[in-house]
There are 2 protein chains.
Amino acid sequence: MNRREQIFQTSIKLMKNKGYVGTSMRDIASGMSIEAASLYNHIKGKEDILTDNCFELANKFIDSLNTILKSDEKPLDKLHTFISNHVNILVGNMDAAHVFLYEWKHLSEPHYSKFLSMRDEYEQGLRRILKDDESNNNFENSSYKMVVISVLSSLNAIEQWYKPDGEIKVEELCNILSKILINGIKEL
Amino acid sequence: MNRREQIFQTSIKLMKNKGYVGTSMRDIASGMSIEAASLYNHIKGKEDILTDNCFELANKFIDSLNTILKSDEKPLDKLHTFISNHVNILVGNMDAAHVFLYEWKHLSEPHYSKFLSMRDEYEQGLRRILKDDESNNNFENSSYKMVVISVLSSLNAIEQWYKPDGEIKVEELCNILSKILINGIKEL
DNA sequence: CCTACCGATCGGTAGG
DNA sequence: CCTACCGATCGGTAGG
């Protein structure tokens, strides 16, 4: 891991606890036992950290979505794959996911707008998958936004409680969440 | 509404968009067309705003919980009431709820610890209600934390998409969410 | 409710 | 990677 990646990892951990604005370059430097000025040999500025982190994850989610949309799986299988991919991205990037989920609003333009449009693309993708699954195409149009956000919120909540070293394995996690969510919406 | 309440309302709206740390006393003053120094005639400091907001909502949730726990409703009805109360508190305080949900980590001690213990109390209360409902007492002990947080996250997501003036009414919202969540967990 | 101001800290730069 | 430093802004106070 190079110096730049070390700075990112240190920053993300601090920002998870103190927020993006509440984490100073001196906090980050101190966490790496160097001076704040030295950070600028590896990154252009504080915003680099937030921007790179947010889009690295956003790209992973969008890549996953596009792979699913292009595949020839059956709709219900697509939904399973979507959930599984989403969970795996989160679990594989717990600290980064927290900053991605809760600090993106501090992105400056044009990143802010770009991020929002990627999030929208992702939500529309899940909506597409849900609509193609005929086992629940009987709920009203106005409910889709709610269902999509509810499902994503439940999945994203993993970041709040899941311990990668705990007793629950990732596969088990995917299975339980798939059951809860698919049962929940199929009879709407 | 007195001056203090106006300051709170202005602050909460700003903090929803820019975060607690990212919102300065000068931002708040500017939003009220006064000088920053004048704010201190009505509040002791910036922390007042966050602390009061977080505990006002925390108390509403805990009060709702205690009323339900003391009632003699059947377990499944308690669950319905819990969901309905939770949704109504959120919908009745959309801006405040956002700050409550995402800015509490900037609380200083002893408020920070107090807040966490209240959140824990609320989660344990929902766990109690779920356990007493025999229609889903068949899922494993280790799943409760996950189920509790998933349910709360889905409910809290309302704050992200619900428009109080939109086509979906609060009662309808409670009904749909009850269905999704109770269907989702009953077959676990 | 204001003017005037405080020490502390911010992100970042110059220069080595 | 450091020392030394910049202008801007922070939360907050004194005094009226």
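Presented here is an overview of the structure given in this document.

### Side note on the packing of aromatic side chains
Part 1 of the reasoning: One pass over the structure, following the stated rule, counts 17 aromatic pairs over all chains.
Part 2 of the reasoning: Judged by centre distance (5.9 Å) and plane angle (90 degrees), the rings of W161 of chain A and Y162 of chain A are edge-to-face. For the pair W161 of chain A and Y162 of chain A, a shared accessibility class is recorded, and that class is buried.
Part 3 of the reasoning: On the numbers, 5.5 Å between centres and 35 degrees between planes, the contact of F61 of chain B with F100 of chain B is tilted. In this pair, F61 of chain B is assigned in helix α4 (residues 46–70) and F100 of chain B in helix α6 (residues 94–102), connecting sequence segments 39 residues apart. With respect to class, F61 of chain B is no different from F100 of chain B; both count as buried.
Part 4 of the reasoning: Sitting over the ring of Y20 of chain A, K46 of chain A keeps its end group 4.6 Å from the ring centre.
Part 5 of the reasoning: In this structure, K131 of chain A is placed above the aromatic ring of Y144 of chain A, and the distance from its NZ or CZ to the ring centre is 5.1 Å.

### Brief notes about the interface of chain B and chain A
Think of interface size as the accessible area that goes away when the parts come together; that is how it is often given.
Part 1 of the reasoning: Across the boundary between the two partners, chain B contributes 36 residues, which contact 36 residues of chain A.
Part 2 of the reasoning: A combined buried area of about 2,800 Å² lies between chain B and chain A, and 63% of that area is made up of carbon and sulfur atoms.
Part 3 of the reasoning: Sorting the residues of chain B by area buried against chain A places K105, M146 and W161 of chain B first, and these three jointly supply 21% of that buried surface.
Part 4 of the reasoning: Our count for the chain B to chain A interface comes out at two salt bridges.
Part 5 of the reasoning: Residue K105 of chain B is joined to E103 of chain A by a salt bridge in which the shortest nitrogen-to-oxygen separation is 3.3 Å.
Part 6 of the reasoning: On inspection of chain B and its partner chain A, the count reaches seven residue pairs in polar contact (both at pLDDT 80 or more).
Part 7 of the reasoning: Among the elements of the structure, α1 (3–18), α6, α8 (143–156), α9 (158–161) and α10 (170–186) of chain B are those that each provide at least two residues to the side of chain B that touches chain A.
Part 8 of the reasoning: When its residues are assigned to classes, the side of chain B that touches chain A shows 15 nonpolar, 13 polar and eight charged.

### Comments concerning helix α6 (residues 94–102) of chain A
Residue and element names in this part refer to chain A.
Part 1 of the reasoning: Of all nine residues in α6, seven are buried; the element is thus mostly enclosed.
Part 2 of the reasoning: For α6, the set of buried residues is M94, A96, A97, H98, V99, F100 and L101.
Part 3 of the reasoning: For α6, the secondary structure elements touched by its buried residues are α1 (3–18), α4 (46–70), α5 (75–92), α7 (111–132), α8 (143–156) and α9 (158–161).

### Remarks on the protein's contact with DNA strand D
Part 1 of the reasoning: Taken together, 15 residues sit near DNA strand D, with E35, S38 and N41 of chain A together with R26 and K46 of chain B positioned nearest.
Part 2 of the reasoning: Within 4 Å of the protein, the atoms of DNA strand D are drawn from sugar and phosphate moieties in a proportion of 54%.
Part 3 of the reasoning: T23 of chain B is positioned with one of its backbone polar atoms (N or O) 3.5 Å from a phosphate oxygen of DNA strand D.
Part 4 of the reasoning: Between R26 of chain B and DNA strand D, the recorded distance is 2.8 Å, taken from a side-chain N or O atom to a base nitrogen.
Part 5 of the reasoning: Looking at the surface near DNA strand D, its residues break down into five nonpolar, six polar and four charged.

### A word on the relation of the copies chain B and chain A
Both copies of the chain are tied together by a single rotation about an axis and a shift running along it.
Part 1 of the reasoning: Each copy of the sequence occupies a distinct position, and chain B is placed on chain A by a rotation of 180 degrees and an axial shift of 0.0 Å, giving an RMSD of 0.0 Å. Accordingly, the operation relating the two chain copies is best matched by a two-fold axis. For chain B, the residue whose C-alpha comes nearest the rotation axis is G184 of chain B, separated from it by 1.8 Å.
Part 2 of the reasoning: Interface overlap between copies is the fraction of interface residues in one copy that are interface residues in the other; for chain B against chain A it reaches 100%, indicating a shared surface.

### Some points on the packing of α4 of chain B against α6 of chain B
A packed helix pair is summarised by two numbers, namely the angle formed by the two axes and the spacing between the axes.
Residue and element names in this part refer to chain B.
Part 1 of the reasoning: Contact geometry for α4 and α6: axes closest at 9 Å, N-to-C directions at 100 degrees. By the angle between their axes, α4 is roughly perpendicular relative to α6. Within the contact between the two elements, α4 uses L50, N53, C54, L57, A58 and F61 and α6 uses A96, A97, V99 and F100.

What counts and what doesn't
Residues numbered from 1 in each chain as written. Chains lettered and ligands numbered in written order. Predicted model: local features only at pLDDT ≥ 70, side-chain atom pairs only at ≥ 80, totals over all residues. Heavy atoms only, no water. Phe/Tyr/Trp six-rings, centres within 6.5 Å; stacked < 30°, edge-to-face > 60°. Buried < 20%, exposed > 50% of the residue type's maximum accessible area, 1.4 Å probe, protein only. Helix = DSSP H or I, 4+ residues; strand = E, 2+ residues; numbered from the N terminus. Lys NZ or Arg CZ within 6 Å of the ring centre and 35° of its normal. Contact = heavy atoms within 4.5 Å. Buried area = accessible area lost by both parts, 1.4 Å probe. Salt bridge = Lys/Arg side-chain N within 4 Å of Asp/Glu carboxyl O. Polar contact = N/O pair within 3.5 Å; in protein donor to acceptor, adjacent residues only side chain to side chain. Nonpolar A, V, L, I, M, F, W, Y, C, P; charged D, E, K, R; others polar. Near = heavy atom within 4 Å. Least-squares fit on C-alpha atoms with pLDDT ≥ 70 in both. Axes fitted to C-alpha atoms, helices over the stretch in contact; angles between N-to-C directions. Parallel < 35°, antiparallel > 145°, perpendicular 65-115°, else oblique.

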